[in-house]
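These are the residues of each chain, in order.
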Amino acid sequence: AQKITQTQPGMFVQEKEAVTLDCTYDTSDPSYGLFWYKQPSSGEMIFLIYQGSYDQQNATEGRYSLNFQKARKSANLVISASQLGDSAMYFCAMRGSPPGGKSTFGDGTTLTVKP
Amino acid sequence: EPEVTQTPSHQVTQMGQEVILRCVPISNHLYFYWYRQILGQKVEFLVSFYNNEISEKSEIFDDQFSVERPDGSNFTLKIRSTKLEDSAMYFCASRGQGRNTGELFFGEGSRLTVL
């Protein structure tokens, strides 16, 4: 079974500062993928970044980076230079070995960027 | 850019009525999913579909739910006899093949309100 834990229901950050959103996971699959999605108030789900369990380097996509610590089973999302438009709900998710396997989502973290 | 489309965007129905939510996944994707999100809560897996059959389903996906891919493009979720607790946002998602396309592509969701 897969489990994703996001321990921060809400986070605040000042505009232009960096913020880290925590995510820990648990799985027995030897191979898995970790994802972060953003859900703004409009409701759509937007893919941000992906990290494969065998990737040697941490994933980066523009202002987003994933701090992947495999031994600690953590996959924290770092947003640099926060913008007002970053205010949203952020979900960490995991997919197991089968390529078509389901993704399991955490409870989400609501990020509010203050001007 | 290809996208997943869902209809209707919002449906209001009476308890006990049947509802069909429709999705057109991205055309070259092979794996299809339905997720649901009760307002402000986590994203819950309902069912995955591959090669014209259900590959996995959750405990939520009981006998009142069914999925179909009737014509090779549409992917539908039917709720046979709606209950009040079925009120939620229902997301369709699809996924391609290969490591670098592991993310889910979500539709904009269908909001179901059961009265």
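Computed from a predicted structure; not experimentally measured. (Residues numbered from 1 in each chain as written. Chains lettered and ligands numbered in written order. Predicted model: local features only at pLDDT ≥ 70, side-chain atom pairs only at ≥ 80, totals over all residues. Heavy atoms only, no water.)

Colleague: What should I look at first to understand the layout of surface pockets in this one?
Modeller: To find the voids left in a structure, one rolls a probe of water-molecule size over its atoms. Here the largest pocket defines a volume of roughly 420 Å³. Residue lining of the largest pocket: 19 residues in total, with Met45 of chain A together with Glu3, Val4, Phe105 and Phe106 of chain B positioned closest to the centre. At the level of secondary structure, the elements contributing two or more residues to the lining of the largest pocket comprise β6 (46-52) of chain A together with β1 (5-7) and β10 (105-106) of chain B. For the lining of the largest pocket, the residue count by class is 9 nonpolar, 5 polar and 5 charged. (1 Å grid on protein atoms, 1.4 Å probe; cavity = no way out; pocket = protein on both sides within 12 Å on 5 of 7 lines; lining within 4 Å. Points joined across faces, edges and corners; volume = space filled by probe spheres on them. Helix = DSSP H or I, 4+ residues; strand = E, 2+ residues; numbered from the N terminus. Nonpolar A, V, L, I, M, F, W, Y, C, P; charged D, E, K, R; others polar.)

Colleague: When you look at the pairing of strand β10 (residues 88-95) of chain A in this model, what are you seeing that I'm missing?
Modeller: Residue and element names in this part refer to chain A. Of all 8 residues making up β10, 8 are buried, and the element is well covered by its neighbours. Where strand β5 (residues 33-39) lies against β10, 7 bridges are found, and the strand directions are antiparallel. Its bridge partner being in β10, Phe35 is matched across the sheet by Ala93. Relative to strand β12 (residues 109-114), β10 runs antiparallel, the two being bridged by 3 bridges. Counterpart to Tyr90 in the pairing with β12 is Thr109. Sheet topology places β10 next to strand β11 (residues 103-105); 3 bridges connect them, and they run antiparallel. Paired with Ala93 across the two strands is Phe105, which belongs to β11. (Buried < 20%, exposed > 50% of the residue type's maximum accessible area, 1.4 Å probe, protein only. Pairing = 2+ DSSP bridges.)

Colleague: How should I be thinking about the state of the cysteines in this particular structure?
Modeller: Any covalent bond linking the sulfur atoms of two cysteines counts as a disulfide. Residues and elements named next belong to chain A. Counting across every chain of the model gives 2 disulfides over all chains. Here Cys23 is linked by a disulfide to Cys92, with a sulfur-sulfur distance of 2.0 Å. Looking along the S-S bond of the Cys23-Cys92 disulfide, the torsion reads about -65°, which is the left-handed sense. One end of the pair, Cys23, is in the loop between β3 (19-21) and β4 (24-26); the other, Cys92, is in strand β10, and 69 residues separate them in sequence. The residues Cys23 and Cys92 share a single accessibility class, namely buried. (Disulfide = S-S within 2.5 Å.)

Colleague: How should I be thinking about the packing of aromatic side chains in this particular structure?
Modeller: Here a ring pair, both rings aromatic, is described through the centre-centre distance and the interplanar angle of the planes. Throughout the structure, instances matching the rule amount to 19 aromatic pairs over all chains. Judged by centre distance (4.7 Å) and plane angle (25°), the rings of Tyr31 of chain B and Tyr50 of chain B are stacked. Taken together, the residues Tyr31 of chain B in strand β4 (residues 31-37) and Tyr50 of chain B in strand β5 (residues 43-50) connect sequence positions 19 residues apart. Given the relative accessible area of 6%, Tyr31 of chain B is considered buried. Through pairs of rings, three or more aromatic residues link up here, namely Phe35, Tyr37, Phe47, Tyr50, Phe91 and Phe105 of chain A together with Tyr33, Tyr35, Phe45, Phe91 and Phe106 of chain B. (Phe/Tyr/Trp six-rings, centres within 6.5 Å; stacked < 30°, edge-to-face > 60°.)

Colleague: Even after reading the chapter, I still don't get the nonpolar core, so can you show me in this structure?
Modeller: Across soluble globular proteins, you tend to see nonpolar side chains buried next to one another. Leu34, Trp36, Ile49, Leu77, Tyr90 and Leu111 of chain A are the most contacted members of the largest nonpolar core, which has 24 residues in total. Sorting the residues of this core by element identifies β3, β5, β6, β8 (64-69), β9 (74-79), β10 and β12 of chain A as the ones contributing at least two each. For this core, the element with the most residues is β10 of chain A, which contributes 4 residues. Not counting chain neighbours up to four residues away, the residues in contact with Leu34 of chain A comprise Ile4, Tyr25, Ile49, Tyr50, Gln51, Phe68, Ala75, Ala93 and Met94 of chain A. Val19, Phe49, Phe65 and Phe75 of chain B belong to the second-largest nonpolar core, a separate cluster that totals 21 residues. (Core = buried A, V, L, I, M, F, W, Y, C linked by side-chain atoms within 4.5 Å. Contact = heavy atoms within 4.5 Å.)

Colleague: Sorry, what's going on with the pairing of strand β3 (residues 19-24) of chain B here?
Modeller: The two faces of the sheet receive side chains in turn, since in a regular strand these alternate between them. All names here are of chain B. Judged by which residues are buried, β3 turns out to be one-sided: Val19, Leu21 and Cys23 face inward and are buried, whereas Ile20, Arg22 and Val24, on the alternate face, are not. Pairing of β3 with strand β8 (residues 75-79), which is carried by 5 bridges, proceeds in the antiparallel orientation. The residue of β8 that forms the bridge with Arg22 is Thr76.

Colleague: What is the right way to read the side chain of Thr76 of chain B from this model?
Modeller: All names here are of chain B. The residue Thr76 is located in strand β8 in this model. Judged by its relative accessible area of 9%, Thr76 falls in the buried class. Ignoring sequence-local partners within four residues, the contact set of Thr76 consists of Ile20, Leu21, Arg22, Trp34, Ser66, Val67 and Glu68.

Colleague: Can you help me understand unusual backbone geometry in this one?
Modeller: Note on backbone geometry: most residues besides glycine have negative phi, and most peptide bonds are trans. Here Thr7 of chain B and Pro8 of chain B are connected by a cis peptide whose omega angle stands at -10°. Assignment of secondary structure puts Pro8 of chain B in the loop between β1 and β2 (10-13). In this structure, Lys16 of chain A is a non-glycine residue whose phi angle is positive, near 80°. Structurally, the position occupied by Lys16 of chain A is in the loop between β2 (10-14) and β3.

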